[in-house]
Amino acid sequence: MSNIPSSIADHLSGSYALTPEQVAFYQNNRYIKLKDVLNAETIAFFNEAITGQVNAMNTQQKSLNERDTYGKAFLQLFNLWRENDVVKQLVFSERLGKIAADLMQVQGSRLYHDQALFKEGGGGITPWHADQYYWPLETDKTVTAWIPLQATPLEMGPLEFSAGSHVIVEGRDLEIGDESENVMQEKLRVTDFDHVIEPFDLGEVSFHSGWVFHRAGANTTKEMRKVMTIIYMDRDMVLKNPENKNQINDWHTWCPGATVGEVIITPLNPILYQP
């Protein structure tokens, strides 16, 4: 890998061994938090690189009190890997790509897209939602790596999960916003799914599937909550006929040139890991 210290390159190419129990936990709950996925040196290095790229790409001019609920949730920048060769080394790392493939139980992982999610000091909640509402993907073989770039206590608004809620059909047609927060808050309140709210240690990374419901609390600190995410899909994922306008937009934005009914093979969707 170029442009990064050899020690970090070696770390990103090294394997993180999952136990059968961890894979089973993910399959049952469709989320998992894994300790020490990235070491302190790697986190510090990419914190600086990603922060610089976010600052370069960010166009948000409105103050927090001028934005809607979604706008208050975070600054959201997409496909940093296309803009920054250093950030690309994290997004393309075999270490993370193999974890994704092992959790999905597929032969290889392919990139859907990446995004930085920076929740400003004083930023609001991220409403309950399921990501795959937005994705024109044929199966549920998807997983998002949520990578905090600092230790993330509860006060900063770490990601929360409704464990096992991927089985719920109600709410899958809701965009992220006030309605999804209110509807799913009530729906999940009367179910037996565990609502998991925990801090993240430095180097801890979570992985969640496209249909599991999740949210994040407000950032009540004065510090930026910095998170990088990488969305993976099965190497053999097929593009489905879009079911809403958001899926149409995602098709043309993240999978341009892909054909409905065929495996998504485009320059924006490289294979990131396969044995």
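Reading the values: rules and limits
Residues numbered from 1 in each chain as written. Predicted model: local features only at pLDDT ≥ 70, side-chain atom pairs only at ≥ 80, totals over all residues. Heavy atoms only, no water. Helix = DSSP H or I, 4+ residues; strand = E, 2+ residues; numbered from the N terminus. Rg over C-alpha atoms; globule rule 2.2 N^0.38 Å. Buried < 20%, exposed > 50% of the residue type's maximum accessible area, 1.4 Å probe, protein only. Contact = heavy atoms within 4.5 Å. Areas by Shrake-Rupley, 256 points an atom, 1.4 Å probe, with all protein chains shown as cover. Pairing = 2+ DSSP bridges. Axes fitted to C-alpha atoms, helices over the stretch in contact; angles between N-to-C directions.

Here's the deal with the overall build of the protein
Stage number 1. Along its length, the protein carries 8 helices and 11 strands.
Stage number 2. Relative to the globule expectation of 19 Å for 275 residues, the C-alpha radius of gyration of the protein, 18 Å, shows essentially globular dimensions.
Stage number 3. Along the first, second and third principal axes, the C-alpha set of the protein runs to 50 × 45 × 40 Å.
Stage number 4. Per-residue burial for the protein yields a buried fraction of 57% across its 275 residues.
Stage number 5. Considering only intrachain contacts with a sequence separation of at least 6, the fraction spanning at least 24 residues in the protein is 85%.
Stage number 6. For the protein, the accessible area works out to roughly 11800 Å², and carbon and sulfur atoms hold 48% of it.

A few points about the pairing of strand β10 (residues 225-234)
Stage number 1. Of all 10 residues in β10, 10 are buried, a share of seventy percent or more.
Stage number 2. Relative to β10, strand β3 (residues 109-119) is paired through 10 bridges, and the arrangement is antiparallel. When the bridges of β10 are listed, Asp114 appears paired with Ile230.
Stage number 3. Summarising the sheet, strand β5 (residues 142-148) and β10 pair through 7 bridges and their orientation is antiparallel. By the bridge assignment for β10, Ile147 is matched with Met228.

Quick look at the sheet that holds strand β4 (residues 126-129)
Stage number 1. Pairing within the open sheet is antiparallel, and its 4 strands lie in the order β4-β9-β6-β7. Looking at strand neighbours, the two that pair on one side only are β4 and β7 (195-196), the edges of this open sheet.
Stage number 2. Of the pairings in the sheet, the one linking strand β6 (residues 159-162) to β7 comprises 2 bridges and is antiparallel in character. In the sheet register, Ser162 faces β7, and the bridge partner there is His195.
Stage number 3. The strands that helix α7 (residues 178-189) touches are β4, β6 and β9 (214-216); relative to β4, the one it contacts most, it runs at about 55°.

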